Amino acid sequence: MILQSFLFPNEVCGESRLYYRVLGTYREEDLACKGKNRVRIVLAPDSVFSSDTYMNLMDADSWRKYTKVEQAYLCVTVAGSGKLILMEMGEKGEEDRKRREWYFCEKEARTYSWGILEEDLRGMLYFRLEAETEVVFYGAFYFSEDRVERDIKISLIICTYKREEQLAKNLERLGESDFFREGFWQNKKLCIRVVDNSSELKIKEEWKRENWYFYSNRNTGGAGGFTRGILETQKDQGRFLATHILLMDDDVEFHIETFYRLFALLSYIKEDYLMEVVAGRMFCLDQRTVQYTASDVWNGGVIQHIGACQDMVKREFLYRMNQERGEYSGWWFACFPMEYTIENLPMPFFLHCDDVEYGLRHGGQPIILNGIQVWHERSLSRQSAVIHYYDVRNAAFTNARIGYAKQYLLKCWFLEFLGNIRHGQWQREYMKLLAIEDYQKGEDWLYQIDSEKNHQRICLEARRKVSVFFVLKKEIWVWIKVFCR
């Protein structure tokens, strides 16, 4: 089974330094490949090409830690004459180590396969091409002949709300993948379930395919939409026996290779990690080489992003990029074992913090692996008074579940209050107070309300003009109720 394939930069528009480095003269050439552009790289004589990048490093330590992979092969397709060297990246300024080297010499494109010895399958591996003549590099991949341990089937759930254009692009990319092509090992291993919270999505003719399902849903927010997808997956277990559920936002961008690496990882995974979540990193849409987070630590609401805002072009961030693990994974791309989702459904938070509570309830540490990631808009650019209500209310419910409610409420009362006064944000303070009032009603209230109608109420309150006197009066009343409870 292929463990990971070489990624080229124009499969999703991206910065080439995330994919390869070249010392010397080279050029990229586009190839027509099944209606899409793909790159080949032409190296001038005496140029050196290397794959020591975020997208194309092979983390042999992670593959051996999490999976039963014990041996691997490197396959490279090239034309020309030169030398290929298997390298191991050095840590903390150490020089990179040469593991193996092989020669190639063919005028026409040829795929070479070289075995990686067991003692060499460790550390962060990459390959270098040293061109003697002009060399054309077409692609590469690592594969293993170890017995596949598990028959993985994933139910991909996409919750959407009035984003048909972005959704259509992602469905097109998925539809062209090996998951829906006869003769490929991935065929019929993926089921796509789109939950439409607007109930306005027009189903295109090309979307009417096997293992593609579309559900009209009331606007129950992301939590409600993903919950509907989980329930539909459970009902469909007799036909499509899903082993995992993958939650993904409708407005992300991704490489289809992300899904292939995820399937390979899960197919070989060890028993010790069978129940763990696999987290997809989030990269920034506006700064495409920058990792927003790999996974997250809650800290009672003071969120710590693992690998926050690291420019993944820089080699200094690469050696340990898969080693530090967080507490939960964002739902831009989060893969859960089906066994966990059968016993656990998300809380009906509508917006925000649903992924936090669900991940903390799971209690594990998400597995992260380079190349399993998406590009997504940063949440900082989407703040509003309505969002602040959900942030405060849902964080309070989450902290109550982990025994941190009192500390969180004190922080809301004092620090949040001082900050809003200093900046004159009385509307924001008012929405915070509404959130605390609703939190005081308890979890039963959360499960009993009509989340769509409650959201309409919150949107109206966010547009309400409030005076300083009105907010301060409400401040006193709300916190008297809180501290007397």
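Thresholds applied
- Residues numbered from 1 in each chain as written.
- Predicted model: local features only at pLDDT ≥ 70, side-chain atom pairs only at ≥ 80, totals over all residues.
- Heavy atoms only, no water.
- Helix = DSSP H or I, 4+ residues; strand = E, 2+ residues; numbered from the N terminus.
- Expected span 1.5 Å × (residues − 1).
- Bend = angle between axes of the 7 residues up to and from the residue.
- Buried < 20%, exposed > 50% of the residue type's maximum accessible area, 1.4 Å probe, protein only.
- Contact = heavy atoms within 4.5 Å.
- Pairing = 2+ DSSP bridges.
- Patch = residues over 30% accessible without salt bridge, like charges linked within 9 Å, V, L, I, M, F, W, Y side chains within 5 Å.
- Areas by Shrake-Rupley, 256 points an atom, 1.4 Å probe, with all protein chains shown as cover.
- Salt bridge = Lys/Arg side-chain N within 4 Å of Asp/Glu carboxyl O.
- Axes fitted to C-alpha atoms, helices over the stretch in contact; angles between N-to-C directions.
- Parallel < 35°, antiparallel > 145°, perpendicular 65-115°, else oblique.
- Left-handed = near helix turned anticlockwise from the far one by under 90°.
- Phe/Tyr/Trp six-rings, centres within 6.5 Å; stacked < 30°, edge-to-face > 60°.
- Lys NZ or Arg CZ within 6 Å of the ring centre and 35° of its normal.

(A) View of helix 8 (residues 405-422). Across its 18 residues, helix 8 extends 25 Å between first and last C-alpha, which sits within 8% of the 26 Å expected from 1.5 Å per residue. Along helix 8, the sharpest change in direction is near 30 degrees and occurs at C412. All of the buried residues along helix 8 are A405, Y408, L409, C412, E416, F417, G419 and N420. For helix 8, the elements touching its buried residues are helix 7 (385-401), helix 9 (426-439) and helix 12 (468-484). Positioned one or two residues after helix 8, G424 has a phi angle of 65 degrees, which is positive.

(B) Looking closely at the pairing of strand 17 (residues 290-293). Pairing of strand 16 (residues 281-284) with strand 17, which is carried by two bridges, proceeds in the antiparallel orientation. Bridged to F283 within strand 17 is Q291. In this structure, strand 17 lies alongside strand 20 (residues 310-311), joined through two bridges in antiparallel fashion. Among the inter-strand pairings, V290 is bridged to a residue of strand 20, identified as D311.

(C) Summary view of helix 2 (residues 164-175). For helix 2, with twelve residues, the first-to-last C-alpha span of 16 Å sits near the 16 Å given by 1.5 Å per residue. As for helix 2, its buried residues are in contact with strand 11 (154-160), strand 12 (190-196), strand 13 (212-216) and helix 4 (257-268).

(D) Just the side chain of Q237, in detail. In this structure, Q237 sits in the loop between helix 3 (221-235) and strand 14 (244-249). Look past the residues within four positions of Q237 in its chain and what remains in contact with it is A242 and M338.

(E) Representation of the sheet that holds strand 22 (residues 373-376). Taking strand neighbours across the sheet as the criterion, the four strands line up as 20-17-16-22 in an open arrangement whose pairing is mixed. Of all strands in the sheet, those bounded by a partner on one side alone are strand 20 and strand 22.

(F) Expanded view of a nonpolar patch on the surface. On the surface, L410, W413, F414, L415, L418 and F483 cluster together to form a nonpolar patch covering roughly 590 Å² of accessible area. Ranked by the residues each element gives to the nonpolar patch, the list is headed by helix 8, at five residues. Looking at where W413 falls in the secondary structure, it is placed in helix 8.

(G) Quick peek at the packing of helix 9 against helix 11 (residues 451-462). Between helix 9 and helix 11, the least distance of the axes is 10 Å, while the angle of their chain directions is 150 degrees. Between helix 9 and helix 11, the interaxial angle falls into the category roughly antiparallel. Our pair here, helix 9 against helix 11, has a crossing hand that is right-handed. Two secondary-structure elements touch here, helix 9 through Q427, Y430, M431, L434 and D438 and helix 11 through N454, R457, I458, E461 and A462.

(H) Layout of the pattern of salt bridges. Counted under the stated rule, the structure contains 45 salt bridges. Among the salt bridges present, the one from E475 reaches K432, with a minimum N-O distance of 3.7 Å. Of this pair, E475 sits in helix 12 while K432 sits in helix 9, and the two are 43 residues apart along the sequence. We note that E475, like K432, is buried. One network of salt bridges, with partners in common, ties together E88, E94, R97, R99, R100, E119 and D120.

(I) Representation of the packing of aromatic side chains. Tallied over the full model, the rule gives 36 aromatic pairs. With a centroid separation of 5.0 Å and an interplanar angle of 45 degrees, the aromatic rings of Y54 and F283 are classed as tilted. Separated by 229 residues along the polypeptide, Y54 in the loop between strand 5 (48-50) and strand 6 (58-59) and F283 in strand 16 bring together distant segments of the chain. Measuring from ring centre to ring centre gives 6.4 Å for F179 and F259, while their planes differ by 75 degrees; the resulting arrangement is edge-to-face. One end of the pair, F179, is in the loop between helix 2 and strand 12; the other, F259, is in helix 4, and 80 residues separate them in sequence. Per residue, the accessibility class of F179 equals that of F259, and both read buried. Aromatic rings pair up to connect F6, F8, Y20, Y26, F49, F127 and F137 into one cluster. The lysine or arginine in question, R288, covers the ring of W375, its NZ or CZ lying 4.8 Å from the ring centre.

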